[in-house]
Amino acid sequence: MMSLGNALPYAEPVRRYNRTAMALHWIVAALILVNIVNGLQAASADDAHIRPLIDMHKSIGLTVLGLVLLRILWRIGHAPPPLPRSYPRVEKLAAHGAHYALYAVMLALPLSGYLHDSAWNAAAAHPLVLFGVLPFPRMPIIKSFDPVTKEHLHALFGAAHVYIGYALYALVGLHLLGVAKHHAVDHESEISRMLPGAEPRA
Ligand code: HEM
């Protein structure tokens, strides 16, 4: 069978995710990419430019948090299309493990950013307003702590945010390597599972 206009013959018909899963997958992937670039820019920006960058970073990050929660709820109610039978058991386990780890990191990354921001001593002077229109509360319990505790938590969650970011880079790298390996070596069009196409959906 052919797919994506690619001349490779694939071993089995492609079983696809449905449109909701595909939309959530690609919207979240694009927003995460934008926020990585934006977060790295903010980390090295001078005082004159940091505010709009970081406000946009927080708005996109909290949107990602909401969409990932939606995606997890959707996933609980919908089993994904099975992986091709030809994959060895160990590879199927590795793929599932990487997917669960990605969900965990996609939640932990925006959450650590939100906690980092909630513990910011200057937070009261810079209200959190999503995309400049929707006021969003800081974590009430953290807001009530004294300034020294907040400073400590701010540094702790900030470091967590950076290290969870590194975990995300590693997992996305593995995810892409897996897709490339299945495509080029196993001749299974893994990417077609997440792209709209003509074949029947699982
Ligand atoms: C998709 C979700 C997110 C991604 C991919 C992401 C990614 C990043 C990255 C790559 C950095 C730079 C880290 C470094 O210096 O190496 C960063 C910094 C930061 N992020 Fe996030 N982040 C996300 C969500 C959030 C959220 C929800 C908040 C707060 C509500 C937030 C607040 C911050 C802050 C305050 C910084 C520090 C910027 C500075 O150095 O001044 N992030 N983020």
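Residues numbered from 1 in each chain as written. Predicted model: local features only at pLDDT ≥ 70, side-chain atom pairs only at ≥ 80, totals over all residues. Heavy atoms only, no water.

Student: How should I be thinking about the coordination of the iron atom of the ligand in this particular structure?
Tutor: When a metal holds four donors in a tetrahedron, each ideal angle between them is 109.5 degrees; when it holds six in an octahedron, the ideal angles are 90 or 180 degrees. Within the first shell, the iron atom of the ligand binds the protein through His57 (NE2) and His161 (NE2), at distances of 2.0 Å. One can describe the donor arrangement at the iron atom of the ligand as octahedral, given that its six donor atoms subtend angles of 88 to 179 degrees at the metal. Taken together, the residues span a long stretch of sequence, with His57 in helix α2 (residues 47-77) and His161 in helix α5 (residues 147-184) at a distance of 104 residues. We classify His57 as buried; its relative accessible area is 15%. (Donors = N, O, S within 2.8 Å, 3.2 Å for Na, K, Ca; no water. Tetrahedral: all angles 85-135°; square planar, octahedral: opposite > 155°, others 65-115°. Helix = DSSP H or I, 4+ residues; strand = E, 2+ residues; numbered from the N terminus. Buried < 20%, exposed > 50% of the residue type's maximum accessible area, 1.4 Å probe, protein only.)

Student: Would you take a moment to explain the nonpolar core for this structure?
Tutor: Among soluble globular proteins, nonpolar side chains are generally buried collectively. Counting residues in hydrophobic clusters, the biggest one holds 15 residues, and the most contacted among them are Val28, Ile32, Val64, Val68, Val105, Met106 and Leu168. Taken together, the elements giving at least two residues each to this core come down to α1 (19-43), α2, α3 (89-118) and α5. Ranked by the residues each element gives to this core, the list is headed by α3, at five residues. When residues no more than four places from it in sequence are discounted, the contact partners of Met106 are Val28, Ile32, Val68, Arg71 and Leu168. (Core = buried A, V, L, I, M, F, W, Y, C linked by side-chain atoms within 4.5 Å. Contact = heavy atoms within 4.5 Å.)

Student: Even after reading the chapter, I still don't get the environment of Ser59, so can you show me in this structure?
Tutor: Tracing the chain through its elements places Ser59 in helix α2. What makes Ser59 buried here is its relative accessible area of 2%. Taking the C-alpha atoms as reference, Ser59 lies 25 Å from Arg19; in sequence the two are 40 residues apart. Of note is the side chain of Ser59, whose polar atom sits 3.0 Å from the backbone oxygen of Asp55. (Polar contact = N/O pair within 3.5 Å; in protein donor to acceptor, adjacent residues only side chain to side chain.)

Student: Hey, could you run me through the site of the ligand in this one?
Tutor: As a structural note, the neighbourhood of the ligand is formed by 21 residues, with His57, Leu109, Gly113, His116 and His161 the closest of them. His57 places a polar side-chain atom, nitrogen or oxygen, 2.8 Å from a nitrogen atom of the ligand. If you list the elements that add at least two residues to the shell around the ligand, you get α1, α2, α3 and α5. By residue number, the principal contributor to the shell around the ligand is α2, which donates seven residues. The residue makeup of the shell around the ligand, split by class, is 13 nonpolar, seven polar and one charged. (Near = heavy atom within 4 Å. Nonpolar A, V, L, I, M, F, W, Y, C, P; charged D, E, K, R; others polar.)

Student: Would you mind going over α5 with me for this structure?
Tutor: Residues spaced three or four apart along an α-helix face the same direction, because each turn holds 3.6 residues. Its 38 residues give α5 an end-to-end C-alpha distance of 55 Å, which sits within 8% of 56 Å, the value for a rise of 1.5 Å per residue. Those residues of α5 lying buried are Lys150, Leu153, His154, Phe157, Gly158, Ile164, Gly165, Leu168, Leu171, His182 and His183. Packed against the buried residues of α5 are α1, α3 and α4 (140-143). Measuring from the backbone nitrogen of Val148 back to the side-chain oxygen at the start of α5 gives 3.1 Å, which picks out Asp146 as the cap. (Expected span 1.5 Å × (residues − 1).)

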